[in-house]
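The chain contents come next:
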Amino acid sequence: MADYSSILDWINYSNPYDNPFTPFLTDNLPYDICYGLWEILGGTLAWLINLLFPDNWLSKWLLCDEVMVLFSLLLFMLVIFIVAFVVVLLNLWMERKVLGRLMDRRGTMIGMKGFLQCVADGLKTFMKENTIPAKVDKMTYMWCVSLIVGLSCFVACMVPLSDRWYVVNYDSGLLIIMAFYALAPFFILVSGWAQNNKYSLIGGLRAAELMISYEVPMLIIIATISLLAGSFNIGEIVAVQDTVWFIIPQFLGFIVFFFCAIAECERPPFDIAEAETELVEGWQTEYAGMKWGLIMLADYLRGSVSCGMVAIMFLGGWTIPFIGGTALPEIVFLIKAWFVFFLMILIRGAIARVRPDQILNLGWKVFMPLAVFNLAIAVLLKIGGVY
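Here's what I pulled together on the structure shown here. These numbers come from a predicted model, not from an experiment.

Cut-offs applied
- Residues numbered from 1 in each chain as written.
- Predicted model: local features only at pLDDT ≥ 70, side-chain atom pairs only at ≥ 80, totals over all residues.
- Heavy atoms only, no water.
- Phe/Tyr/Trp six-rings, centres within 6.5 Å; stacked < 30°, edge-to-face > 60°.
- Helix = DSSP H or I, 4+ residues; strand = E, 2+ residues; numbered from the N terminus.
- Buried < 20%, exposed > 50% of the residue type's maximum accessible area, 1.4 Å probe, protein only.
- Salt bridge = Lys/Arg side-chain N within 4 Å of Asp/Glu carboxyl O.
- Polar contact = N/O pair within 3.5 Å; in protein donor to acceptor, adjacent residues only side chain to side chain.
- Contact = heavy atoms within 4.5 Å.

## Here we look at the packing of aromatic side chains
Part 1 of the reasoning: For the structure on display, the rule yields 19 aromatic pairs.
Part 2 of the reasoning: Their ring planes at 10 degrees and their centres at 4.3 Å tell us that Trp38 and Phe71 sit as a pair that is stacked. Pair noted here: Trp38 is in helix α1 (residues 29–52) and Phe71 is in helix α3 (residues 65–103), with a separation of 33 residues, a long-range link.
Part 3 of the reasoning: Take Trp38: its relative accessible area is 9%, and that puts it in the buried class.
Part 4 of the reasoning: On the basis of relative accessibility, which here comes to 25%, the residue Phe71 falls in the partly exposed class.
Part 5 of the reasoning: Ring centres 6.0 Å apart and planes at 65 degrees place the aromatic pair Tyr214 and Phe367 in the edge-to-face group. In this pair, Tyr214 sits in helix α8 (residues 198–229) while Phe367 sits in helix α14 (residues 356–383), placing the two residues 153 residues apart along the sequence.

What follows is the structure, encoded as structure tokens:
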């Protein structure tokens, strides 16, 4: 590397998968981008260092195989986080715009059609005083926030945007996502207890009770979709729907899963567990400032994941019927997920908040039998050779 004639000698656009330390076995677009980006950044840095100190070890170390993969993965994580964060901001912006029209109440909107209002609200929340009640179990109180947010980020990373844009590609990907979803009620319950406040504890118990009521039908629907597709792998579930989306034979399952997903994300009309007017935020009562902001961010992340799950399981993911893949499958997937989120906003604006007993009755007496009936339909389709 010391015998160079220009900076291009330090920038090598070779195939990332020729690197023996590459962690991915198949094409991964964000990793490819980050690998090329580090080649440019690292190559430029190595070139500059080599100009000052010719034939030094640091320039060679920056461009060795192991370090190339290490910095590429760091950039990869940064890109994934930025994409997830921007998607959440766009969801927040869309919700405000649509609700503003539905309620004929536009509110304060600054910059870029009101998009910067979301950023301004985030900064405002960040600048609020970080108060912690004196009698809380401080370690559990803080850890619960971290785990709730971290778990939501982890689940968001598990959802691919296409067969070339993913973080992990496990055969049991769908099952792993729902397993992490199922941990949320536990953290919420512990969080309510850690606040040393009887109202927060009751709110935590109520939230956990409601979420468990809807997770059981959700798991039955996921099992149904996996039965039809013959796999828990998200890519294979999408591939099976290349001609007919599962929403057609499984319309009942789509309805059940959609409403259960709304309840699981604690979104209206199923948000009585944290209703600010009735329960003063329920299990979130003692969380103020940025801690509350992070919990809200986690809620929107879970909502985005739920919309992505609906798109994957019932709307063909990133494919279009009879066309299959497109040049920009990520955009196709995001449009479908945003359409599902748009439906969630419409329901929020159209239906009043329901009581806890109504939510429980709906979950156990309506959605549970419908999920089992939907499973029976899938079994008949499977036995009949349709799938």
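## Topic: the pattern of salt bridges
Part 1 of the reasoning: Overall, the coordinates contain seven salt bridges when judged by the stated rule.
Part 2 of the reasoning: For Glu330, the salt bridge identified is with Arg164, shortest N-O distance 2.8 Å. On the criterion of sequence distance, the pair formed by Glu330 in helix α13 (residues 329–350) and Arg164 in the loop between α5 (138–158) and α6 (173–181) is long-range, its members being 166 residues apart.
Part 3 of the reasoning: For Glu330, a relative accessible area of 8% translates into the label buried.
Part 4 of the reasoning: A relative accessible area of 28% means that Arg164 is categorised as partly exposed.

## Things to note about the side chain of Asn197
Part 1 of the reasoning: Tracing the chain through its elements places Asn197 in the loop between α7 (184–194) and α8.
Part 2 of the reasoning: A polar contact of 2.8 Å, which involves the side chain of Asn197, links it to the backbone nitrogen of Tyr199.
Part 3 of the reasoning: Only 2.6 Å separates the side chain of Asn197 from the side chain of Glu286, close enough to count as a polar contact.
Part 4 of the reasoning: Those residues in contact with Asn197, other than ones at most four positions away along the chain, are Gly192, Thr285 and Glu286.

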